[in-house]
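# Report on the structure
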Amino acid sequence: MNYMWAFLFFLLPFAGLGYTLWHIWNILPLASVWRWTIVAVLAVFFIIFILNFGVGLDKYPMTVSEILYEVGNSSLFILLYGVLIFGVLDLGRAIHLVPKDFLFNSVRGTLSIFGFITVIFTYGYFHYQDKVKQPLELSTSKSLVRPIKIVMLSDLHLGYHNRVDEFRKWVKLINAEHPDLVLIGGDIIDGSIRAIKEQNFAAEFRKINAPIYACLGNHEYYSGQKDALKFYQEAKINLLVDSVVTVDGINIIGRDDRTNHNRKNLDELTKELDMNNYTILLDHQPFNLEQAEHNHIDFQLSGHTHYGQVWPINWIEDAMYEKAYGPLTKSNTKYFVTSGIGIWGAKFRIGTRSEYLVAMLKSK
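So, a few notes on the structure that sits alongside this text. (Residues numbered from 1 in each chain as written. Predicted model: local features only at pLDDT ≥ 70, side-chain atom pairs only at ≥ 80, totals over all residues. Heavy atoms only, no water.)

### So, the sheet that holds strand β6 (residues 243–247)
- Read across the open sheet, the 6 strands follow the order β6-β7-β8-β9-β11-β10; overall the sheet is mixed. Of all strands in the sheet, those with a lone pairing partner are β6 and β10 (326–330), marking the two edges. Between one strand axis and the next, the sheet turns through 20° on average, direction left out of account.
- In the sheet, β6 pairs with strand β7 (residues 250–254) via 5 bridges, with the strands oriented antiparallel. Looking at β7, one finds that V247 is bridged to I250. (Pairing = 2+ DSSP bridges. Helix = DSSP H or I, 4+ residues; strand = E, 2+ residues; numbered from the N terminus. Axes fitted to C-alpha atoms, helices over the stretch in contact; angles between N-to-C directions.)

Listed below in structure tokens is the structure:
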């Protein structure tokens, strides 16, 4: 069954590529040589995306790797919208709302579609750059040493994509809050340790003026877990891998990512824990949310979904997850599934947002 899903995962993008390129060939009001050239260039962009996965980027010079990442991975999202646009137009043609000459050798059709794609992805790029502060009020009847201010992040995806100059801006946002703690819910690394090392991200993390605690995400496994662990040590990030720490009277549990099928059960992690303390769970992927409720966790932070990054993938995720984005309460347990401050693949946010949480934890 897994092989079938893997086959479909690779087949569908190629089917979408063929469908979109066929339409582009037909709609362009140009000579055949120019049609072939444009179609070939677009196909090469998508092939770069495939090669980014199959061959990797670490063997190229840094600048080349960054360009290949942006060009190849951006093509996947633009292809998605190409399929959607031509799908809607084909439907319109079938019900006689779109004239045939709009889709064949059409100046009007070409300019309309190119203009729409340009506008929507220009908006998506600048919308991604806007990092939204999400305030969060957490109250408890449990005793606290003092009110605690916590900045929470997830899905930074640092590397070839979100580079060190951009991360410095995020560090300024964090430090401007003067937090007592910084919690990170996984996927700090996008996939390449080489990109992390060459840009010296560890030095930038050490500029954050608060203790940092983090759990692993699935992308730390893609980058190589051992190398990821070494980076965390250099960056002075307190990594919690199926482990617990108590800070200022608050229990912080960091679960290993569910990529590791042998990770500990949550009841094992809480078995000898003083649950009279306020307890926060970091668990990257928001599956089986009832486990936190059953183990009397006070608050769970998850990420992973990015809330789809671009519409309409967020609609699909709403159907996949109990909670794909935002706050949730189950009994006495509160949750927040964040869409993340960073992003994977391409710097576009359409119908979603990049965010960081600023939580104030107080006694009732």
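### What to know about the packing of helix α2 (residues 32–54) against helix α3 (residues 62–94)
- Relative orientation of the contacting elements α2 and α3 amounts to 115°, with a least axis distance of 7 Å. As summarised for this structure, α2 and α3 are arranged roughly perpendicular, according to the angle between their axes. The element α2 and its partner α3 pack so that their crossing is left-handed. Each of F45, F46, I48, F49 and N52 in α2 lies in contact with α3, whose residues at this interface are L68, Y69, V71, G72, N73, S75, L76 and L79.
- The residue inventory of the contact of α2 with α3, partitioned by class, reads 9 nonpolar, 4 polar and no charged. (Parallel < 35°, antiparallel > 145°, perpendicular 65-115°, else oblique. Left-handed = near helix turned anticlockwise from the far one by under 90°. Contact = heavy atoms within 4.5 Å. Nonpolar A, V, L, I, M, F, W, Y, C, P; charged D, E, K, R; others polar.)

### Here we look at the packing of aromatic side chains
- Applying the stated rule across the entire model yields 19 aromatic pairs.
- Taken together, a centroid distance of 4.8 Å and an interplanar angle of 70° make the contact between F121 and F348 edge-to-face. Within this pair, whereas F121 is found in helix α4 (residues 107–129), its partner F348 is found in the loop between β11 (333–337) and β12 (354–363), the two being separated by 227 residues in sequence.
- According to the relative accessible area criterion, F121 is buried, its value standing at 7%.
- Here the aromatic rings of Y125 and F126 are separated by 5.3 Å at their centres, their planes lie at 85°, and the arrangement is edge-to-face.
- Residue classification places Y125 among the partly exposed residues on the basis of a relative accessible area of 34%.
- For F126, a relative accessible area of 55% translates into the label exposed.
- An aromatic cluster of at least three residues, connected via ring pairs, comprises F14, F46, F49, F53, F77 and W344.
- Positioned above the aromatic ring of Y128 is the side chain of K131, whose terminal nitrogen or guanidinium carbon lies 3.5 Å from the ring centre.
- Here R258 stacks its cationic end above the ring of F287, 4.0 Å away from the centre of that ring. (Phe/Tyr/Trp six-rings, centres within 6.5 Å; stacked < 30°, edge-to-face > 60°. Buried < 20%, exposed > 50% of the residue type's maximum accessible area, 1.4 Å probe, protein only. Lys NZ or Arg CZ within 6 Å of the ring centre and 35° of its normal.)

### Quick notes on the side chain of R255
- Note on placement: R255 falls in the loop between β7 and α10 (266–270).
- Reaching out from R255, the side chain makes a polar contact with the backbone oxygen of K264 at a distance of 2.7 Å.
- Here Q291 takes part through its side chain, which lies 3.1 Å from a polar atom of the side chain of R255. (Polar contact = N/O pair within 3.5 Å; in protein donor to acceptor, adjacent residues only side chain to side chain.)

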